[in-house]
Structure formats: C-alpha cells, structure tokens
Amino acid sequence: MRRAWTPDQVRACETPLLDAGQGDALMSRAAAGLANVCATELRERYGHVYGSRVLALVGKGNNGGDALFAACRLARRGAHVTVLLCAGRAHPAGLRAVRALNIDVRELDESDDDVLRFLLCAHLVIDGIAGTGARAGLPDRLGELVRRWRGRKPGRQLVVAVDVPSGVDAGTGQTGGSAIAADVTVTFAGLKTGLLIPPAARNAGRVEVVDIGLELADEQAVVLAVEASDVAALWPAPEPSDHKYSRGVLGLVAGSARYPGAAVLAADAAVSAGVGMLRYVGPDTPGGLIAQRSPEVVAGAGRVQAWALGSGVAPDEESQVDAIRAALDEAIETQLPCVLDAGAFDLIYGPLGMPAILTPHAGELATLLGRLSGTIVSREEIEADPARHAKSVAEAANAVVLLKGAHTVISQPAGPDYVQGPATAWLATAGSGDVLTGVLGALAATAGRKSLPQLAELAALGSFVHGQAALLASQGGPLRSLHVAAAVKYAVTELRVRAREEKNVGQWQL
Ligand SMILES: NC(=O)C1=CN([C@@H]2O[C@H](COP(=O)(O)OP(=O)(O)OC[C@H]3O[C@@H](n4cnc5c(N)ncnc54)[C@H](OP(=O)(O)O)[C@@H]3O)[C@@H](O)[C@H]2O)[C@@H](O)CC1
Ligand SMILES: Nc1ncnc2c1ncn2[C@@H]1O[C@H](COP(=O)(O)OP(=O)(O)O)[C@@H](O)[C@H]1O
Ligand SMILES: [K+]
C-alpha cells in the first residue's frame, strides 16, 4: 500500500527533531538524497553528471535550502550549476555554501529572455521554489515564465521537484493557475497527500521517497493507494471447502433496451472477477445477450450477498428503476452491500441505509452534490478539487464514493481516502465504467466485508485491478471494454502468481 501524510502531520513529526537542534542534519540528508536521485537521472538520460548543465530554482524557504545544498553536491561532481533565486532571499547557509563553491547565482531581475534561456538550456532543472509551506499557484511573473518554459521545453530535459512540485498545494492537491510539472519528485520522509491527489498528482511524475530519519506512522496515513503487491493478499480467494453460494452471489440490475451493453459488460466483468454466482435481474434484452456471452449467469432474482445496480439504466425505464428500488429496500433490510452506478443515483436523496459504493464520474458527482447538499458545482470545479467534492458526497450519502476519471478518488465519511493513478488513458472509452461496476460487485459479494472502511479498500482494490486489466487489454494500443472485462481474470491471476513467486511459497498456500 502506498501511503501519504498531510504536511501538518509531517511537520508535527519533525518538530521534536528540530527542537533538538537536528534541523541541519535533516536538511543535509534531504539534500544528499536529492542530489543522488539527480545524479542517477542525469546518468540514465545523458550518460554522465560531469559537464551537465544544472539550473536550480530556489525560493526563500527550506525547500530552496535543500535545492542549494544539492546543487553544491552536483557541482562537486563536475556539473555546471546555475542558481536562480526566485524570491530575492534564500536559505542563508545554503546560499553561503553555493557562493563558497563559486556557483553562478542569478536573480529573477534578469530579463524574461535570459531566464527562459537558462530554463531551456539546462539538462536538469531542480525545482526548489517552494515546498510544504506553500500555497497553490506560482507568483505572477514566475508563473508566466514557467508557463512559457513548459510550452517550449525540450523533450529530453529533466525536471526534478524538491519534496513537491512548486505551485501545488502539498496538502489538498490543488494546483492554482500554474505549477511546475516534474519528471521526478524527490520527497522526504514520506509522500505528502498532494503527491497522490489530483490534479497535483499529475505534476509530480515519478515519486522517490528519501529517508531522512523521520518515522511517520503507517496507521496515521490519510491517503492510500493500492499497488500490485497488495492484490494477492486482498483479493478474495476461495477456500478448498467453498461452494458457489459460500463464495458469494451478486445480483445485477443493469442495462435496458436502450443501453443493453452496460449489462453485458458488467456481467462479463463480474464473472471474470471470480464471483461465486451472478444473478441477472432485468428484461430479455439485455438478458438474452448476457446469456449468450456469459452462460454462467443465472437469470432472475434470488438470494444474493451483494447488489450491483444502475449501469445503463435510464430514469424512464420504469421496470428497471422499480427493480433497483426493490433491491435497495432488500439491501436496507438485510444490510447487503450495494454498488450503485448511473441510473441508481436518481434514487439517492440522503444518507443511505445500507453499506454502499457509489461510482459517479465528475458530471454525475456534480448532480449528486446538487441534490444531496444543495451545492451547485460545475464539472470543472470538481476536476480542480476532486477529493474535497467526493468527500462532501460521501458524507451526505454516508457511503463510499469512487469518483471516476484519469485518477480515481475514493472517499468515505470517516477514514482514509484512496487515490488510484491512471493505468492507461486508453481506458477512456465507453463501457469501461460498466466493467468497473461488475468488478466492484464481484468483490462486494465475495469479500464478506461490509463496513465502509472495508468497502473503501475494496473499491481501491477493484479500481487498481481494473487498471491492470486495461493494461493487459491495451498492450500499448486501443482497447475495447469487453476485453478489459475478460482481462480482469488474467490481471488477478498474474498478480497472484507474481506474489507467489516473490514469496517463493507453494501453490497450495495461495
Ligand atoms: N523542516 C525540516 O525539518 C525539513 C524540511 N525540509 C524542506 O523544507 C520544506 C518546507 O520548508 P518551509 O516551511 O520553509 O516552506 P517552503 O515551502 O520552502 O517555503 C515557503 C515560503 O515560500 C513562499 N511561498 C508560498 N507559496 C509560494 C508559491 N506558491 N510559490 C513561491 N513561493 C511561495 C512563502 O513566502 P510568502 O510568499 O508567504 O512571503 C513561504 O514563506 C519542505 O518542503 C522540504 O523541502 C527538508 O529540508 C527536510 C527537513
Ligand atoms: N484518461 C483516463 N485515464 C485512465 N482512466 C480513465 C481515463 N478516463 C476515464 N478513465 C476510467 O475509465 C472509466 C470510465 O467510466 P465511465 O465514465 O463510467 O464510462 P462508461 O459510462 O462509458 O462505462 C473509469 O473507470 C475511469 O476511471
Ligand atoms: K519544490
């Protein structure tokens, strides 16, 4: 599991060490780690550190201090370093250190053309403008220069951000008007929440964590991400004594004459994800199509352990809406977990009476927000701060909210958020959300766990595996949702086999 902490949590962890006079030691470790990553990246991209042109962008705070001490280390290894002071002042000891090495120190009062020349000619730009102490967005002139640089940036140029990319809010993940886009972010002690949360997560690039001697407690992390090594342990697998009913039965109310494909895709994905049994509730179209594609599926209502409801159901499809309503009533009575999508959102007016995962995209979340809390928010506003808006709906609906998009944000009323990064943008195709509903439904039916924190973890697991299945289906090119559904089986199998090989244990144990 990847874990991230808020800047406040990191600061609270630092305080005792700073009070004990260890500030310089912390910065020195941070700078050493940063310089090492920069040197490795330079060698990988250009073959050498010696002779490479390095530009360090330095702000007034400790983030700039880290960049200055790292610049010294790179200069000692033969790099041609230029320091550009972006805020007039800079970390005093760091500045003394670069001056002692005769490193070229410039200020932002150079002409725009000169600053852009420095930015465009560097092999490596180190972004030490601002760190965890900063607000979203860059000051006006700097922001404008960064925008112009980004428009003309040479493809091979490396940008390494110190702790967080400057211009992002390290806590909320908002980016304001302009922000640095890094290839690599070298962060200290542990991930800051803004490195996982979109839109800032897009600016971070690959994130490397440098140990500087701070101990952040795993259980206090507030944003998590499921990764490959978690799947084998979390994915519900049958015991030798299991039968189809004990594994878990999923009820599916999805699709309609107008959108039959949604039901076919969700059903295919649920079967591919290894549900004990799938019961499809709905009309002959799409029921007949499901039977053709997935003969394992049983038609008609019956006892289930979870429901997946709403994909491909339009509000005027009365019989399907009635079937969803009936399933929700049953779920409230027996506390069955439900995965709610598309057409099911129209039936949500307040806190839900059963454990549930809602799977809106940004447009659907905007509608839900309006209905549940009277807040009118546009799709764009949601995309600028998805975690906050997902949390509002999670609280108002008392449910897990999985907000779909390039990054998937999973929020719950009380407990950590999960953010799953994009596996492949080829997944942005019709029907891939219906596949996700099927995967989540299968997980809800078979996991036997239904507290909201457990469902949030399952939602993150399902989202991660959905992305891995998309990678298998895509192979770097276009994919179709039907193939993503089929690939769920292979994604889970591959990750379980990999875990077994890594642990070097016998098959009987998995
Ligand atoms: N503490 C430790 O032990 C260790 C900390 N470490 C390092 O310290 C970093 C945190 O340092 P920090 O607290 O000095 O904050 P930092 O982000 O450098 O500067 C904030 C200043 O910038 C300004 N500013 C605000 N917004 C801005 C913007 N958008 N764009 C530009 N400028 C902006 C604002 O000034 P204002 O505009 O308010 O006058 C404010 O005063 C942390 O990320 C890590 O790198 C490591 O060395 C490991 C040990
Ligand atoms: N650019 C992207 N990169 C990666 N995944 C994406 C991207 N855009 C959308 N997705 C994912 O694709 C799926 C789309 O779901 P949805 O919008 O419900 O589509 P549909 O209703 O057609 O099934 C979601 O899982 C979403 O997270
Ligand atoms: K930075």
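As shown above, the structure is provided for reference.
Everything quoted here is computed from the prediction, not taken from an experiment.

Let's talk about the sheet that holds strand 15 (residues 338–340)
And then number 1: Read across the open sheet, the 12 strands follow the order 8-1-10-19-18-17-16-15-14-11-12-13; overall the sheet is mixed. For this open sheet the edge positions go to strand 8 (191–192) and strand 13 (298–299), each flanked by a neighbour on one side alone.
And then number 2: Direction of pairing for strand 17 (residues 400–403) relative to strand 18 (residues 408–411): antiparallel, over a ladder of 3 bridges. The partner of Val 401 across the bridge, within strand 18, is Ser 411.

As for the coordination of the potassium ion (ligand 3)
And then number 1: Those protein atoms acting as donors to the potassium ion (ligand 3) are Asn 63 (OD1), Asp 127 (O), Ala 130 (O), Val 162 (O), Val 164 (O) and Ser 166 (OG), and they sit at 2.6 to 3.0 Å.
And then number 2: For the potassium ion (ligand 3), the 6 donor atoms are set out with angles of 67 to 170° between them, so the coordination reads as irregular.
And then number 3: When the donors of the potassium ion (ligand 3) are listed by position in the chain, the intervening gaps give N-x63-D-x2-A-x31-V-x1-V-x1-S. With Asp 127 in strand 5 (residues 124–128) and Val 162 in strand 6 (residues 158–162), this residue pair connects regions lying 35 residues apart in the sequence.
And then number 4: Residue class for Asp 127 comes out buried when judged on its relative accessible area of 0%.
And then number 5: A residue is classified by how much of its surface remains accessible, and Val 162, at 0% relative accessible area, is buried.

Considerations on the site of ligand 2
And then number 1: Neighbouring ligand 2 are 17 residues, the closest being Lys 404, Gly 405, Gly 431, Ser 432 and Gly 433.
And then number 2: Within the backbone of Leu 427, one N or O atom sits 3.3 Å away from an oxygen atom of ligand 2.
And then number 3: Here an oxygen atom of ligand 2 sits 3.2 Å away from a polar atom, N or O, in the main chain of Asp 434.
And then number 4: Considering ligand 2 on its own, with 580 Å² of exposed area, one finds that the protein chains cover 77% of that surface.

Examining the packing of aromatic side chains
And then number 1: Counted by the stated rule, this structure contains 0 aromatic pairs.
And then number 2: The ring of Phe 118 has Arg 117 lying over it, and the distance from NZ or CZ to the ring centre is 5.6 Å.
And then number 3: Positioned above the aromatic ring of Tyr 349, the side-chain terminus of Arg 371 is 5.5 Å from the ring centre.

So, the packing of helix 5 (residues 112–121) against helix 6 (residues 140–152)
And then number 1: It is at 10 Å that the axes of helix 5 and helix 6 come closest, and there the two elements cross at 50°. In terms of axis orientation, helix 5 runs oblique to helix 6. Once helix 5 is placed against helix 6, the crossing between them reads as right-handed. Together, Asp 112, Asp 113, Val 115, Leu 116, Leu 119 and Leu 120 of helix 5 and Arg 141, Leu 145, Arg 148, Trp 149 and Arg 152 of helix 6 make up the contact between the two elements.
And then number 2: Residue classes in the contact of helix 5 with helix 6 are distributed as 6 nonpolar, no polar and 5 charged.

About the thresholds
- Residues numbered from 1 in each chain as written.
- Chains lettered and ligands numbered in written order.
- Predicted model: local features only at pLDDT ≥ 70, side-chain atom pairs only at ≥ 80, totals over all residues.
- Heavy atoms only, no water.
- Pairing = 2+ DSSP bridges.
- Helix = DSSP H or I, 4+ residues; strand = E, 2+ residues; numbered from the N terminus.
- Donors = N, O, S within 2.8 Å, 3.2 Å for Na, K, Ca; no water.
- Tetrahedral: all angles 85-135°; square planar, octahedral: opposite > 155°, others 65-115°.
- Buried < 20%, exposed > 50% of the residue type's maximum accessible area, 1.4 Å probe, protein only.
- Near = heavy atom within 4 Å.
- Polar contact = N/O pair within 3.5 Å; in protein donor to acceptor, adjacent residues only side chain to side chain.
- Areas by Shrake-Rupley, 256 points an atom, 1.4 Å probe, with all protein chains shown as cover.
- Phe/Tyr/Trp six-rings, centres within 6.5 Å; stacked < 30°, edge-to-face > 60°.
- Lys NZ or Arg CZ within 6 Å of the ring centre and 35° of its normal.
- Axes fitted to C-alpha atoms, helices over the stretch in contact; angles between N-to-C directions.
- Parallel < 35°, antiparallel > 145°, perpendicular 65-115°, else oblique.
- Left-handed = near helix turned anticlockwise from the far one by under 90°.
- Contact = heavy atoms within 4.5 Å.
- Nonpolar A, V, L, I, M, F, W, Y, C, P; charged D, E, K, R; others polar.

That's the geometry; what it means functionally is another story.
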